[in-house]
Amino acid sequence: MLDDTCYFIGFDHSSEAKIAQFLLNSPTVQDFLSSIIFVDSKRSITKDILMRVDLKKVSGLYNLQDVHRHDDSITFQQWEAFKQGLVPERESQPTLF
């Protein structure tokens, strides 16, 4: 169950969700979010903060071997399809969030 302050990302395939989970929970993204989130504010994580996460750039920092440490069921084709499906924010709106 979600309330009006939750953000939800939908995927067509479970492999896409697993890859996104890996990237969003990666130390790179977590460190970035920690540096821009004010934990004492009423809503510390906002849509604007989430939109600053560029999954295309983050996916370029990792390879399939890194993903396999999280989930070894992801194939090379699924990893490449996920990366190809990401469009830089400046080329497309809206973003994932």
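Every residue gets a number counted from 1 within its own chain, in the order that chain's sequence is written. In keeping with the model being predicted, local features are shown solely for residues with a pLDDT of at least 70 and side-chain atom pairs are shown and tallied solely at 80 or more, while totals for entire chains, interfaces and linings include all residues. Heavy atoms from the whole structure form the basis of all side-chain values; hydrogens and water molecules are not counted.

A. Focus on the pattern of salt bridges. We define a salt bridge as a side-chain nitrogen of Lys or Arg found within 4 Å of a carboxyl oxygen belonging to Asp or Glu. Within the structure shown, the criterion is met by 3 salt bridges. One salt bridge connects D71 with K18, and the closest N-O pair in it is separated by 3.5 Å. On the criterion of sequence distance, the pair formed by D71 in the loop between α5 (64-70) and α6 (76-85) and K18 in helix α1 (residues 14-24) is long-range, its members being 53 residues apart. Accessibility here uses a 1.4 Å probe with only protein chains present; expressed as a share of the type maximum, an area under 20% marks a residue as buried, one over 50% as exposed, and anything in between as partly exposed. According to the relative accessible area criterion, K18 is partly exposed, its value standing at 29%. Close ionic contact of K83 with E80 constitutes a salt bridge, the shortest N to O distance being 3.4 Å. Residue K83 and its partner E80 are located together in helix α6, separated by 3 residues, close to a single helical turn. The helix count covers DSSP runs of H or I at least four residues long, the strand count covers runs of E at least two residues long, and both are numbered beginning at the N terminus.

B. Spatial organisation of α1. Considered for burial, the residues of α1 that qualify are S15, I19, A20, F22 and L23. An end-on view of α1 places all buried positions within 160° of arc, on one side of the element. Taking the helix axis as origin, the arc is that swept by the directions to the C-beta atoms.

C. Inspection of the confidence of the model for the protein chain at higher detail. pLDDT runs from 0 to 100 and stands for how confident the predictor is about each residue. Model confidence for the protein chain is summarised by a mean pLDDT of 86, while 86% of its residues fall at 70 or above. Pairs of residues are marked as contacts when any of their non-hydrogen atoms sit within 4.5 Å. In this model, residues 92-97 is a region of pLDDT below 50 whose contacts with residues beyond four sequence positions or in other chains number 12 contacts.

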